[in-house]
Every structure is written in C-alpha cells, then in structure tokens.
Amino acid sequence: MLSYRHAFHAGNFADVLKHLVLVHILEHLKKKDKPFCYIDTHAGAGMYALNSEFALKNREFESGIARVWQRDDTLPGIQRYLELVRQCNQGTELAHYPGSPCIAATLMRKDDRLCLYDLHSTEFKFLHRLFEKDRRIKTFHADGLVDSLGLLPPKERRGLVLIDPSYELSDDYRLVIESLKKMHKRFATGIYALWYPVVERQRIRRLERQLQDSGIGNVALFELGIAPDSKGRGMTASGMVVINPPWTLVAEMQRELPWLADALGAEKQGNYRIVNLVHESAG
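All chains use their own residue numbering, which begins from 1 and follows the written sequence. Thresholds applied to this predicted model are a pLDDT of at least 70 for local features of residues and 80 or more for the giving and counting of side-chain atom pairs; totals over whole chains, interfaces and linings are not thresholded and use all residues. Only heavy atoms go into the side-chain values, all of them from the structure, while hydrogens and water stay out.

A. The overall build of the protein, seen in detail. Numbering goes from the N terminus for both helices and strands, where a helix is a DSSP run of H or I of at least four residues and a strand is a run of E of at least two. A tally of helices and strands in the protein yields 10 helices and 10 strands. Radius of gyration here is computed from C-alpha atoms only, and the compact-globule reference equals 2.2 Å multiplied by the residue count raised to the power 0.38. Taken over the C-alpha trace, the protein has a radius of gyration of 17 Å; the compact-globule value for 283 residues is 19 Å, and the two agree within 12%. Here the C-alpha coordinates of the protein stretch approximately 45 × 45 × 35 Å along the principal axes. Across the 283 residues in the protein, those meeting the buried criterion constitute 54%. A separation threshold of at least 6 residues defines the contact pool for the protein, and within that pool the share at least 24 residues apart is 77%. Computed by Shrake-Rupley with a 1.4 Å probe, the accessible areas treat only the displayed protein chains as cover when residues are assessed. Of the roughly 13400 Å² of accessible surface on the protein, a fraction of 49% belongs to carbon and sulfur atoms. Partly exposed describes any residue whose relative accessible area lies between the buried limit of under 20% and the exposed limit of over 50%, with all areas from a 1.4 Å probe on protein chains only and scaled to the type maximum. We call two residues in contact when some of their heavy atoms are within 4.5 Å.

Written as structure tokens, this is what we have:
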C-alpha cells in the first residue's frame, strides 16, 4: 500500500478525466459566496515533474495531457482545466503536471479550506513542503479514508471529498464503499467524488452494484476509455463516481466526454459512459 507513487502516472488519461471533473465541481461550489471545505483522502505529492525518472519510465502523460494541453479547439470546460495546467508551465514545454491539491489550491478563495491526506512518507514530505506556508491548507500524514471522517460534517456545511486510492490492494474496492457510507451518514449533503480504474470490468460492475445497494442517493458515473475492455494487463478506462453532483455536471460531461474520447482514444477506439447509478432519492 505504501509503495505507490503517482508520479509514474501523472498526467495520464485518467488524470485528465479526474481533474476535469474536479474543476467543474469546485467552480460550481464557488458560485455561492459561502466558503467550502475540500478534503483529499489520497493527495499525493501535489505537483509532478514530467521529466523525472518516475514520469519518464512509462511516459503515460504522452497519451494524456500532452495530446490536448495546447489544442485551441477545446470546449470551454476543458479549456478551463487546461488553463490551470498551463499555469504550472512556462511557454510551450510541458514540464510539470499539477495534482488535485494544486488544482484545488489554485481555485480556492481566501475563506475556503483544504485538508490534504497522504500516508506515504515521501509523498507527504513533498505535499507538506508545497503548502506549509498557506494557512488555508492543512496537510495530514495519515490514512485519509479513516481519519478524514473526523472532519465531517465540516463547519462550512459545504464541501467536496475526493477519494482517489491506488487500488493496489483488492481490498481498496471494499474500503472505499465502507468509507463512503460512513462519510455520507455524517455529511449527507456533501459532494463526494470517487475515482476508479478499469482493469477488470467485473470488479467495476461489483462496485456499481455496491453503490446502488448502499442506501446513498443521487449518484452519477462518468467514465472515459482509450481502448475497449481487455483481459490483459493494464488500465483501458477510468471513471469518476460523483455523489450529489452539481446539477450542471451531467450536461457538461455529455458535451466533453465525446471530445475527450476522440482526442485521447488509441486508434480511434476511445469510448465513454455516463450513467445515473442512483436517483436523488435512494429509497
């Protein structure tokens, strides 16, 4: 569990989807003057150098952010996400990719709060160093799935919890459902965004059924694939499950996911899914 380093995967197609959804949710929360709390259970290092040994090992960013970051034919929502990536780079060289904490920190206002968790000692050291001078942001060297429960409900009564585990252990699929149920019980009006990889489709089907049986209402799923499902090794798609999604999110994804599937799909095999897993009333 503690061997995972997101630097190997920074800027890949899964990050593009995850961070696009994140930007949409945070911009929605900012439409009201009231402050919000953002909780990241698996924050990672916060910022990634794409010329590092980790990033260059598999060069996953080349089939992700590198394909779209300088395109000028994108839709407005995607353009906003790409602007945030460009802010981390100079000129036309793609040298850095912001993790979700950096994206959230850039978008937050003076009264909003960020609470960032990571259990990996090295990742946490980078994360803490990045944000230690910002009073709006607290970092915790702890298990975010467990410890963040104590922050709910936040004093702002508005907020987003991003859950983005590595899924290196098969138990992670069970733990995220258990954690979501506990979190939702404490903070039912909060927005929750759960990222998942598609390596074995059967495992994702089980995850979907567990969410439908959880008693949680108003659950949407957004998935982006770069190739058809495969029984071989490797991630062919990834998705975001959003509980209490902003009312505009489905329409935005209906416009943007087809564009991303076309831009990032391998050999024109890009695909996407938008599913209303649970209606607003789960009962």
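B. Seen up close, the pattern of salt bridges. We define a salt bridge as a side-chain nitrogen of Lys or Arg found within 4 Å of a carboxyl oxygen belonging to Asp or Glu. Throughout the structure, instances matching the rule amount to 18 salt bridges. With a closest N to O distance of 2.6 Å, Glu 62 and Arg 59 form a salt bridge. Glu 62 sits in the partly exposed class, given a relative accessible area of 37%. Taking the relative accessible area as the measure of exposure, Arg 59 reaches 37% and is therefore partly exposed. Taking the shortest distance from any N to any O, the salt bridge between Arg 201 and Glu 223 comes out at 2.7 Å. Highlighted residues: Arg 201 in helix α9 (residues 201–212) and Glu 223 in strand β8 (residues 219–225), separated in sequence by 22 residues. On the accessibility criterion, Glu 223 (1% relative accessible area) is buried. Beyond isolated ion pairs, a larger network of salt bridges with shared partners links Arg 201, Glu 208, Glu 223, Asp 229 and Arg 273.

C. Local environment of helix α1 (residues 13–29). A helix's residues, less one, multiplied by 1.5 Å, set its expected span. If you check α1, its first and last C-alpha atoms are 25 Å apart, about what 17 residues at 1.5 Å a residue would give, namely 24 Å. The buried fraction of α1 is high, at 15 of 17 residues.

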